[in-house]
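Report on the structure
Take a look at the letters that make up each chain.
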Amino acid sequence: MQTIGIVGAGQMGSGIAQVCATAGLNVIITDRDDHAVKRSIEGIAANLARMVSKGKTASADAAEALQRINGSTLLTELAACDFVIEAATENLQVKEGILRTLDAIVRPDAIIATNTSSVSITRLGATLTDPSRLTGMHFFNPVPSMALVEVIRGLQTSDDAFDVTIGLAKRIGKTAICVKNSPGFVVNRILIPMINEAIFVLHEGHTSAEEIDEGMKLGANHPIGPLALADLVGLDTILAIMNVLYRDFNDSKYRPAPLLKEMVEAGHLGRKSGHGFHRYP
């Protein structure tokens, strides 16, 4: 495996590109927005520079990693890739459209992975001519810092595709856990409802956002409070995952908190908008 293709130049796609390039792989990162591609590469360069300044990597290694990354607005540039990771927004229709396009472009022997955090791998696999080559490869944010990758097997996923995906996760320095296809998989099925419950507690006026976060940090030994974590992930992403859990399990315990919906409607999405449950200059 020499070349990795990535669809989506947002925060997740950029992080995946960085760790792949740092591990010695060539990367082509694509997005329909040329400005997003440029911002992604500039952001990766800034992250690598910070790592150099902190003594976490050598200047020459950072420069080599950056040289391995190329950007494009054309999915056809991914035709020769050995492995392609879809890292677009958490929207079923968007992901299905991208996968259909990739199906006609990517080599028949290449593996396609989706970085979905909640959508069914089996359902997404059905969009491909050969669904056996689709796997789930769920990274966590921020990708360069988080050690875990959930590798998810859909009903049609082949053993070969699954094993190669685990191998890639290890090659880029991640720890993989093997997960069956299920709404929210493992981590988000546990984590996102906890965040949603914290939002209910805030909405009901029991205490402030600061006190909720402080309580979970000191009382449950969490490194970051649930509302601060929601701001980091993005409240629109939290809502999208809750909607999938609510729809697919058909269980009221997964209903999204009304305050979460209202925050998203207001455009208060967390760190990326500068305002969520906390404010960010």
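Residues numbered from 1 in each chain as written. Predicted model: local features only at pLDDT ≥ 70, side-chain atom pairs only at ≥ 80, totals over all residues. Heavy atoms only, no water.

As recorded in an unreviewed UniProt entry, the protein chain goes by the name 3-hydroxybutyryl-CoA dehydrogenase, listed as coming from Paraburkholderia rhynchosiae. Taken from UniProt, the Sequence similarities (unreviewed entry) comment for the protein chain reads in full: "Belongs to the 3-hydroxyacyl-CoA dehydrogenase family." (UniProt positions renumbered as here; feature names shortened; annotations may be inferred.)

On to the domain arrangement of the protein chain, then. When the parts of a complex come together, some accessible area is lost, and that lost area is often used as the size of the interface. Domain assignment breaks the protein chain into domain 1 (3-180) and domain 2 (189-271). Each of domain 1 and domain 2 was reduced to a C-alpha centroid, and the two centroids are 26 Å apart. Across the contact, 6 residues belong to domain 1 and 4 residues belong to domain 2. Here domain 1 meets domain 2 over a buried area of about 530 Å², counting both sides, of which 61% is carbon and sulfur. Ranking the residues of domain 1 by area buried against domain 2 places Glu90, Ser118 and Asn141 at the top, with a combined share of 57%. The tally of links between domain 1 and domain 2 comes to 0 salt bridges. Put simply, domain 1 and domain 2 have 0 residue pairs in polar contact (both at pLDDT 80 or more) between them. By residue class, the composition of the side of domain 1 that touches domain 2 is 1 nonpolar, 4 polar and 1 charged. (Domains from an automatic or database assignment. Contact = heavy atoms within 4.5 Å. Buried area = accessible area lost by both parts, 1.4 Å probe. Salt bridge = Lys/Arg side-chain N within 4 Å of Asp/Glu carboxyl O. Polar contact = N/O pair within 3.5 Å; in protein donor to acceptor, adjacent residues only side chain to side chain. Nonpolar A, V, L, I, M, F, W, Y, C, P; charged D, E, K, R; others polar.)

Mapped onto this structure's residue numbering, the UniProt feature "domain: 3-hydroxyacyl-CoA dehydrogenase C-terminal" (unreviewed entry) falls at residues 184-280. In the segment residues 184-280, helix accounts for 61% and strand for 0%; the C-alpha atoms at its two ends are 28 Å apart. (Helix = DSSP H or I, 4+ residues; strand = E, 2+ residues; numbered from the N terminus.)

What follows is about the sheet that holds strand S2 (residues 26-30). In sheet architecture, strand pairing relies on hydrogen bonds along the backbone and comes in two forms, parallel and antiparallel. Pairing within the open sheet is mixed, and its 8 strands lie in the order S3-S2-S1-S4-S5-S6-S7-S8. Since the sheet does not close on itself, it has two edges, and those belong to strand S3 (69-72) and strand S8 (175-180), each with one partner. Put simply, the sheet's adjacent strands are angled 25° from each other on average, direction ignored. (Pairing = 2+ DSSP bridges. Axes fitted to C-alpha atoms, helices over the stretch in contact; angles between N-to-C directions.)

Right, let's get into the packing of helix H2 (residues 34-53) against helix H3 (residues 59-67). As a packed pair, H2 and H3 sit with axes 9 Å apart at the nearest point and diverge in direction by 165°. Relative to H3, the element H2 lies roughly antiparallel. Here H2 runs over H3; the crossing is right-handed. In contact with Ile41, Ile44, Ala45, Leu48 and Val52 of H2, H3 contributes Ser59, Ala62, Ala65 and Leu66. Here the contact of H2 with H3 is built from residues that sort into 8 nonpolar, 1 polar and no charged. (Parallel < 35°, antiparallel > 145°, perpendicular 65-115°, else oblique. Left-handed = near helix turned anticlockwise from the far one by under 90°.)

It is worth spelling out the pairing of strand S7 (residues 148-153) at this point. Side-chain direction in a regular strand flips from residue to residue, so the side chains alternate between the two faces of the sheet. Where strand S6 (residues 134-139) lies against S7, 4 bridges are found, and the strand directions are antiparallel. Among the inter-strand pairings, histidine 138 is bridged to a residue of S7, identified as glutamate 150. Two strands pair when backbone bridges link them, and S7 and S8 are joined in this way by 6 bridges, in the parallel orientation. Considered in S8, the bridge of arginine 153 is made with lysine 180. Between S7 and its parallel partner S8, the chain crosses via helix H6 (residues 159-171), and the hand of that crossover is right-handed. (Right-handed = clockwise from strand over helix to strand, strands pointing away.)

We now examine the environment of alanine 80. Looking at where alanine 80 falls in the secondary structure, it is placed in the loop between S3 and strand S4 (83-86). In this structure alanine 80 comes out as exposed when scored by relative accessible area, which is 58%. In this structure, the C-alpha to C-alpha distance between alanine 80 and glycine 5, residues 75 residues apart in sequence, is 8.9 Å. (Buried < 20%, exposed > 50% of the residue type's maximum accessible area, 1.4 Å probe, protein only.)

A few words on the packing of helix H7 (residues 187-203) against helix H9 (residues 226-233). Where H7 meets H9, the axes come as close as 9 Å, and the angle between the chain directions of the two elements is 115°. Helix-helix and strand crossings are classified by hand; for H7 and H9 the assignment is left-handed. Counting all contacts with H7, which are made through Leu191, Met194, Ile195, Ala198, Ile199 and Leu202, the residues of H9 involved are Pro226, Leu227, Leu229 and Ala230. Taken together, the residues that form the contact of H7 with H9 break down as 10 nonpolar, no polar and no charged.

What follows deals with the pairing of strand S5 (residues 111-114). Burial along S5 is two-sided: the residues Ile111 and Ala113 and Ile112 and Thr114 are all buried. Direction of pairing for S4 relative to S5: parallel, over a ladder of 4 bridges. Counted as the bridge partner of phenylalanine 83 is isoleucine 111 from S5. A crossover connection joins S4 to the parallel S5 through helix H4 (residues 92-105); in handedness this β-α-β unit is right-handed. The pairing of S5 with S6 spans 3 bridges and is parallel. Counterpart to threonine 114 in the pairing with S6 is glycine 136.

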